[in-house]
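One letter stands for each residue in the lines below.
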Amino acid sequence: MSRLLREHGFGSTSFDSAAALLGHGHFEEAICIVLDIDLDGNSGIDLRRKLAEKGVTAPVIYITGNDSPANRAAAIESGCIAYLIKPFTAQTLIDTVARSSTG
């Protein structure tokens, strides 16, 4: 995903864990944050809430391979700008990130 974003002119920083992302602290330049709903047994939605508690206002795009009405509702409630279900096309991701940069 990072390579795809870079190929389309977007900078990208990847994190190995939720804790690494939470500890990053440089969100002022981020045009968006792409989070998987399932982060090795942890919740991307919970991570989004923790980021919001820290004052992070960058838009969030969720991706998931485990779509469910409960996940979708929780994602929308958490304030995401998009909810992409795997497999999605590369162009869908790029278009969504591009929209977040104009919005």
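Draft legend 1. Local environment of the overall build of the protein. What the protein contains, in helices and strands, is five helices and five strands. Against the 2.2 N^0.38 benchmark of 13 Å for 103 residues, the protein shows a C-alpha radius of gyration of 13 Å, consistent with a compact globule. Within the span of the protein, comprising 103 residues, buried residues form 34% of the whole. Carbon and sulfur atoms make up 50% of the accessible area of the protein, which amounts to about 6,100 Å² in all. Both charge centroids of the protein, one from 9 positive and one from 12 negative side chains, sit 2 Å from each other.

Draft legend 2. Just the nonpolar core, in detail. Membership of the largest hydrophobic core comes to 16 residues, with the highest contact counts inside it found for L21, I33, L35, L51, Y62 and A75. The leading source of residues in this core is helix α3 (residues 44–53), at three residues. Setting aside residues up to four positions removed in sequence, L35 forms contacts with L21, G44, L47, R48, V60, I61, Y62 and I63. Of all hydrophobic cores here, the second largest spans 11 residues; its members include F10, I61, L84 and L93.

Draft legend 3. Layout of the side chain of T64. Position of T64 relative to the elements: it lies in strand β4 (residues 60–64). In terms of polar contacts, T64 uses its side chain to reach the backbone amide nitrogen of N66, at 2.9 Å.

Draft legend 4. Structural context of the sheet that holds strand β1 (residues 33–36). On the basis of which strands lie adjacent, the open sheet formed by three strands has the order β1-β4-β5 and parallel pairing. Single-partner strands in this sheet number two, and they are β1 and β5 (82–85). Strand after strand, the sheet turns through a mean of 25° between neighbouring axes, direction not considered. Pairing analysis gives four bridges linking β1 to β4, with the strands arranged parallel. Its bridge partner being in β4, D36 is matched across the sheet by I63. Here α3 sits on the sheet in contact with β1 and β4, set at roughly 145° to β1. Along the sheet, helix α5 (residues 90–102) makes contact with β4 and β5, crossing β5 at roughly 175°.

Calculation criteria
Residues numbered from 1 in each chain as written. Predicted model: local features only at pLDDT ≥ 70, side-chain atom pairs only at ≥ 80, totals over all residues. Heavy atoms only, no water. Helix = DSSP H or I, 4+ residues; strand = E, 2+ residues; numbered from the N terminus. Rg over C-alpha atoms; globule rule 2.2 N^0.38 Å. Buried < 20%, exposed > 50% of the residue type's maximum accessible area, 1.4 Å probe, protein only. Areas by Shrake-Rupley, 256 points an atom, 1.4 Å probe, with all protein chains shown as cover. Lys, Arg positive; Asp, Glu negative; His and termini not counted. Charge placed at Lys NZ, Arg CZ, Asp CG, Glu CD. Core = buried A, V, L, I, M, F, W, Y, C linked by side-chain atoms within 4.5 Å. Contact = heavy atoms within 4.5 Å. Polar contact = N/O pair within 3.5 Å; in protein donor to acceptor, adjacent residues only side chain to side chain. Pairing = 2+ DSSP bridges. Axes fitted to C-alpha atoms, helices over the stretch in contact; angles between N-to-C directions.

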